[in-house]
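Understanding the architecture of this molecule
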Amino acid sequence: MRALARLTMVVLASLLPLGGVASATTNPHANPGFETGDFTGWVVGDPALADIVTEWVTENGGIYSPLGAYMAVLWGGAEDWPSTIEQRMNLAAGDVLEGWAAFDAADYLPYNDYAYVSVSNGANEVLWQKSVGDVGDLGDGVPEAWSWTAPAAGTYTLQYGVVNSGDRINPSYGLFDVGGLNYQPTPEPATCGLLLVSGGTFLLRRRTRARR
Ligand SMILES: [Ca+2]
Ligand SMILES: [Ca+2]
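Let me sum up the structure you'll find in this document. The structure presented is a predicted model; accordingly, all values stated were derived computationally and were not measured.

Let us look at the overall build of the chain. Summing up its helical and strand segments, the chain has 4 helices and 13 strands in all. Across the chain, every contact between residues at least 6 apart in sequence was considered, and the portion connecting residues at least 24 apart equals 78%.

Every other side chain in a regular strand lies on the same face of the sheet, so the side chains alternate between the two faces. In this structure, strand β1 (residues 43-44) lies alongside strand β6 (residues 82-91), joined through 2 bridges in antiparallel fashion. Paired with V43 across the two strands is E86, which belongs to β6. As paired elements, β6 and strand β11 (residues 154-163) share 10 bridges and run antiparallel to each other. From the neighbouring strand, M89 faces β11, where its bridge partner is Y156.

As a further point, take the environment of P66. Tracing the backbone through its elements, the reader meets P66 in strand β4 (residues 63-66). For P66, a count of 26 C-beta atoms within 10 Å corresponds to the buried category. Apart from residues no more than four positions distant in its own chain, P66 is found in contact with M71, D177 and L181.

All right, on to the nonpolar core then. Core analysis: the biggest nonpolar cluster contains 35 residues, and M71, A72, V73, L74, A101 and L175 have the highest contact counts within it. Among the secondary structure elements, those contributing two or more residues to this core are β3 (56-57), β4, β5 (71-75), β7 (96-104), β8 (114-121), β11 and β12 (173-177). No other element matches β5, which puts 5 residues into this core. Ignoring any residue separated from it by four or fewer positions in sequence, one finds M71 in contact with F34, V53, P66, L175, F176, D177 and L181. In terms of nonpolar packing, the next biggest core, distinct from the first, is built from 6 residues, L91, A150, Y156 and L158 among them.

For the rest of this paragraph, the subject is the sheet that holds β11. Pairing within the open sheet is antiparallel, and its 5 strands lie in the order β1-β6-β11-β8-β9. Strands with a single pairing partner mark the edges of an open sheet, and in this sheet they are β1 and β9 (123-131).

Ordered by their spatial adjacency, 5 strands build an open sheet running β2-β5-β12-β7-β10, and the pairing between neighbours is antiparallel. Strands with a single pairing partner mark the edges of an open sheet, and in this sheet they are β2 (50-53) and β10 (144-149). Between one strand and the next, the sheet's axes are offset by a mean angle of 30°, whatever the strand orientation. Two elements, β7 and β10, share 6 bridges in a ladder whose sense is antiparallel. Opposite W100, over in β10, you have A145 as the bridge partner.

The subject of this paragraph is the environment of N182. By the secondary structure assignment, N182 is in strand β13 (residues 181-184). Given 13 C-beta atoms within a 10 Å radius, N182 is considered partly exposed. C-alpha separation for the pair N182 and Y64, spaced 118 residues apart in sequence, amounts to 5.5 Å. When sequence neighbours within four positions are dropped, the list of residues in contact with N182 reads Y64, S65 and L67.

A few words on unusual backbone geometry. Residue P110 is reached from L109 by a cis peptide bond, and omega for that bond is 15°. Mapped onto the secondary structure, P110 falls in the loop between β7 and β8. Non-glycine residue F34 carries a positive phi angle of around 60°. As for its placement among the helices and strands, F34 is situated in the loop between α1 (2-22) and β1. On the neighbour-count criterion, F34 (24 C-beta atoms within 10 Å) is buried. With a phi close to 60°, L138 is a non-glycine residue in the positive phi region. By the secondary structure assignment, L138 is in the loop between α2 (132-135) and β10.

Scoring rules and cut-offs
Residues numbered from 1 in each chain as written. Chains lettered and ligands numbered in written order. Predicted model: local features only at pLDDT ≥ 70, side-chain atom pairs only at ≥ 80, totals over all residues. Helix = DSSP H or I, 4+ residues; strand = E, 2+ residues; numbered from the N terminus. Contact = placed C-beta atoms within 7 Å. Pairing = 2+ DSSP bridges. Buried ≥ 20, exposed ≤ 12 C-beta atoms within 10 Å, placed from the backbone. Core = buried A, V, L, I, M, F, W, Y, C linked by C-beta atoms within 7 Å. Axes fitted to C-alpha atoms, helices over the stretch in contact; angles between N-to-C directions.

Here it is in structure tokens:
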């Protein structure tokens, strides 16, 4: 009888790790949609090149807004150096990471600024990327969903980044969130003035376009 009890214990103990691996969770990372209103849970590469915003107005008058209250925006700094936020996570096989990203180009070719979403655990995998070449000079890229499933248990780093390519001026912007991003295109000229007034605080934050 005692032997049977011990066997039962051994069988139960061997089942426990199996249960952990089998239960995949969606978005296991902390503060994925920035709804704390700050970068809690994230490591910010350069706080001077990252912000949490409720709305983002482009140079063209296009407006990005989150489905929740907040989203993250990053912009480029030094030439060819990535401005980043990232988060390390212990994931089980089958865990899903997902989100939305958009690229607001504030430069023109050949200065091919770009934004990306990547995940790595040694090897680096780019999940989403958009550049000036993709959205056009000063273009507003449409928000796009990305999704990734962990192929094996391990420690992974999810990174969002924006690079100022070719020089260090006219930085472009990357917008990041989960749960969706809305984008309203540039309004008709008649309503443009009204929207510019409402978006004035955001426009004022932009640096003056540098001359080359
Ligand atoms: Ca959000
Ligand atoms: Ca640039």
